[in-house]
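Listed here are the chains, written in short residue letters.
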Amino acid sequence: MAKKLRWTDIHDIAIELEDAHPDVDVVNLRFTDLWKWVQELPDFEDDPQKSNEKILEAIQMAWLDERD
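Residues numbered from 1 in each chain as written. Predicted model: local features only at pLDDT ≥ 70, side-chain atom pairs only at ≥ 80, totals over all residues. Heavy atoms only, no water.

A.B. asks: Explain the overall build of the chain residue by residue, including any values.
C.D. replies: A tally of regular secondary structure across the chain gives three helices and zero strands. Secondary structure elements of the chain, listed N to C terminal, follow the sequence α-α-α. In terms of overall dimensions, the chain is globule-like: its C-alpha atoms have a radius of gyration of 11 Å, near the 11 Å expected for 68 residues. Along the first, second and third principal axes, the C-alpha atoms of the chain reach 30 × 25 × 15 Å. Evaluated residue by residue, the chain yields a buried proportion of 37% over its 68 residues. Residue pairs at least 24 apart in sequence account for 76% of intrachain contacts in the chain once pairs closer than 6 positions are excluded. Total accessible area on the chain stands at roughly 4400 Å², and carbon and sulfur atoms take up 50% of it. Taken as two groups, the 8 positive and 18 negative side-chain charges of the chain have centres that lie 6 Å from each other. (Helix = DSSP H or I, 4+ residues; strand = E, 2+ residues; numbered from the N terminus. Rg over C-alpha atoms; globule rule 2.2 N^0.38 Å. Buried < 20%, exposed > 50% of the residue type's maximum accessible area, 1.4 Å probe, protein only. Contact = heavy atoms within 4.5 Å. Areas by Shrake-Rupley, 256 points an atom, 1.4 Å probe, with all protein chains shown as cover. Lys, Arg positive; Asp, Glu negative; His and termini not counted. Charge placed at Lys NZ, Arg CZ, Asp CG, Glu CD.)

A.B. asks: Which residues make up the pattern of salt bridges, and what values do they have?
C.D. replies: Throughout the structure, instances matching the rule amount to seven salt bridges. For the salt bridge of Lys3 with Asp9, the shortest nitrogen-to-oxygen distance reads 3.2 Å. Taking relative accessible area as the criterion, Lys3 reaches 49% and is therefore assigned partly exposed. Asp12 serves as the salt-bridge partner of Lys3, at 3.5 Å between the closest nitrogen and oxygen. Here Asp12 falls in the partly exposed class, since its relative accessible area comes to 32%. Salt bridges sharing common partners tie together Lys3, Asp9 and Asp12. (Salt bridge = Lys/Arg side-chain N within 4 Å of Asp/Glu carboxyl O.)

See below:
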């Protein structure tokens, strides 16, 4: 059984986002899109209200690192 992702699983979320959206311009990504895409990940299971700008920014940076 796959691990359920939470907002604090920054690196794992970034890996799954890269797999799901490989052609996205991560640098110019709107946080509203990022917030939505994280919730659409099949293994994501957390309260949408537990997210904040700091978490989304960390996911964005981890996603950029994943590309390098």
